[in-house]
Amino acid sequence: MTTPEIKTVLLAGGSGLIGSRLKEHLESKNYRVLNFTRKGADPTKGLYHWDPEKKVIDEAAIKQADILINLAGTSIADGRWTARQKRKIINSRIFATDLLAHTLQQVPNKITTVINASAIGIYGNTDNRIIREDNYPATDFLGQTCKRWEDAASNFKKSGKRLVIFRIGLVLSEDGGFLKPLLKAIQLGIAPVFGNGEQYQSWIHIDDLCKMFNKAITNEKMEGVYNAVGPCPLSNYNFMKLLAQLKEGNQFLLKIPAFLMKIIMGEMSALVLDGTRASSKKIEEAGFTFTYPQASHALRNILDKY
Ligand SMILES: NC(=O)c1ccc[n+]([C@@H]2O[C@H](COP(=O)([O-])OP(=O)(O)OC[C@H]3O[C@@H](n4cnc5c(N)ncnc54)[C@H](OP(=O)(O)O)[C@@H]3O)[C@@H](O)[C@H]2O)c1
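Residues numbered from 1 in each chain as written. Predicted model: local features only at pLDDT ≥ 70, side-chain atom pairs only at ≥ 80, totals over all residues.

Now for the packing of helix α1 (residues 17-28) against helix α6 (residues 206-218). With their axes 9 Å apart at the nearest point, α1 and α6 run at an angle of 60° to one another. The orientation of α1 relative to α6 falls into the category oblique. Both α1 and α6 take part in a crossing whose hand is right-handed. Counted together, I18, R21, L22, H25 and L26 of α1 and I206, L209, C210, F213 and N214 of α6 form the full contact between these two elements. Broken down by class, the residue content of the contact of α1 with α6 amounts to seven nonpolar, two polar and one charged. (Axes fitted to C-alpha atoms, helices over the stretch in contact; angles between N-to-C directions. Helix = DSSP H or I, 4+ residues; strand = E, 2+ residues; numbered from the N terminus. Parallel < 35°, antiparallel > 145°, perpendicular 65-115°, else oblique. Left-handed = near helix turned anticlockwise from the far one by under 90°. Contact = placed C-beta atoms within 7 Å. Nonpolar A, V, L, I, M, F, W, Y, C, P; charged D, E, K, R; others polar.)

A word on the nonpolar core. Counting 86 residues, the largest nonpolar core has L172 and L209 as the members making the most contacts within it. The greatest single-element share of this core, amounting to seven residues, is contributed by α6. Those residues within four positions of L172 in sequence are excluded, and the remaining contacts are L179, W203, I204, H205, I206, A298, L299 and I302. (Core = buried A, V, L, I, M, F, W, Y, C linked by C-beta atoms within 7 Å. Buried ≥ 20, exposed ≤ 12 C-beta atoms within 10 Å, placed from the backbone.)

So, on to the packing of helix α7 (residues 236-246) against helix α11 (residues 295-305). Between α7 and α11, whose axes approach to 10 Å, the crossing angle comes to 45°. Between α7 and α11, the interaxial angle falls into the category oblique. α7 and α11 meet at a crossing whose hand is right-handed. Residue-level contacts link F239, L242, L243 and L246 of α7 to A295, S296, L299, R300 and L303 of α11. Here the contact of α7 with α11 is built from residues that sort into seven nonpolar, one polar and one charged.

By the element assignment, G197 lies in the loop between β10 (190-194) and β11 (200-201). Look at G197 and you get partly exposed, because 18 C-beta atoms sit within 10 Å. With 60 residues separating them along the chain, G197 and P257 place their C-alpha atoms 9.5 Å apart. Each residue touching G197, except ones within four places of it in the same chain, is listed here: S235, N236, Y237 and K255.

A word on the site of the ligand. Taken together, 25 residues sit near the ligand, with G13, G16, T37, G73 and S92 positioned nearest. Contributing elements (two or more residues each) for the shell around the ligand: α1, α3 (83-106), β6 (113-119) and β9 (170-172). The element that contributes the greatest number of residues to the shell around the ligand is α1, accounting for three residues. Classifying every residue of the shell around the ligand gives 13 nonpolar, ten polar and two charged. (Near = placed C-beta within 6 Å.)

In terms of burial, strand β8 (residues 162-168) is largely enclosed, as six of its seven residues are buried. Sheet topology places β6 next to β8; seven bridges connect them, and they run parallel. Bridge pairing links S118 to R167 in β8. Both β8 and strand β13 (residues 224-228) contribute to a ladder of five bridges, which runs parallel. Counterpart to F166 in the pairing with β13 is Y226. (Pairing = 2+ DSSP bridges.)

What follows is the structure in structure tokens.
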């Protein structure tokens, strides 16, 4: 009997929230996982150096990989969106994606599949319309950032790679991301509702997201853009009400007016005031089944670990 070949997945930007959990998930499925990082490279631990700004990349990692997953990008919630911060958000994604696409064209490699992150922020504020993947990108900052990021990723096709792009929703995790500040507020007895609270939040449990990446590796028919979101988005109000209930319910639902959020956060207030009701139909049609289709299950699972 022959032993099945162990595939190597190379993560770019794999040391963050999604990448760390994805590494664990893929290793549990018997993949070997390498990571490109700007700090603390150590090839004996699978950590390879790159610096997209300086166009520096360790080709040894590329040569070993069968699959490339690109998650690299500075956080969009790290500070007010000044002109400088906006440049950092865009450049971190475009430089990284360009460097990878260029290297794959120049360096002999056996990579068959590239999975690139994007975000449902590409759609902008779309009220309560159900949004499928053929909707146009928004003209606002996030919409145009994601559009440029996806355009850069389309260059992977020039070297004949199967390209899957995941437009990721709000990732629910006990380790960080958008839930972390909300849980802090909940612990103080407040459940903040932003603006009128009617804006949709398209969320996904981090374990379902990791399963989706694995699906995109194994289902070779998958190609193109997919919304990486759960099947049941909730309005901000209903999401916060549910979160408060699951935390034993004494929290005060505090409505924070939109104008105040705009004063506090500036243009970045779009992160909490804009809503997108993204559809998960396409990924389900590709054969994906959710472990956490309902927000109540997803949140309970996370709160149990918190
Ligand atoms: N979490 C979410 O809810 C969510 C939702 C939609 C989309 N996404 C997207 O999915 C990707 C991964 O998300 P995440 O939550 O895991 O992000 P994260 O925790 O902030 O991690 C991002 C990774 O990108 C790398 N990075 C940061 N700046 C970089 C730069 N200038 N050049 C190259 N690499 C850089 C970092 O790696 P090193 O420091 O090791 O180099 C870091 O590990 C991001 O691009 C994000 O926009 C996330």
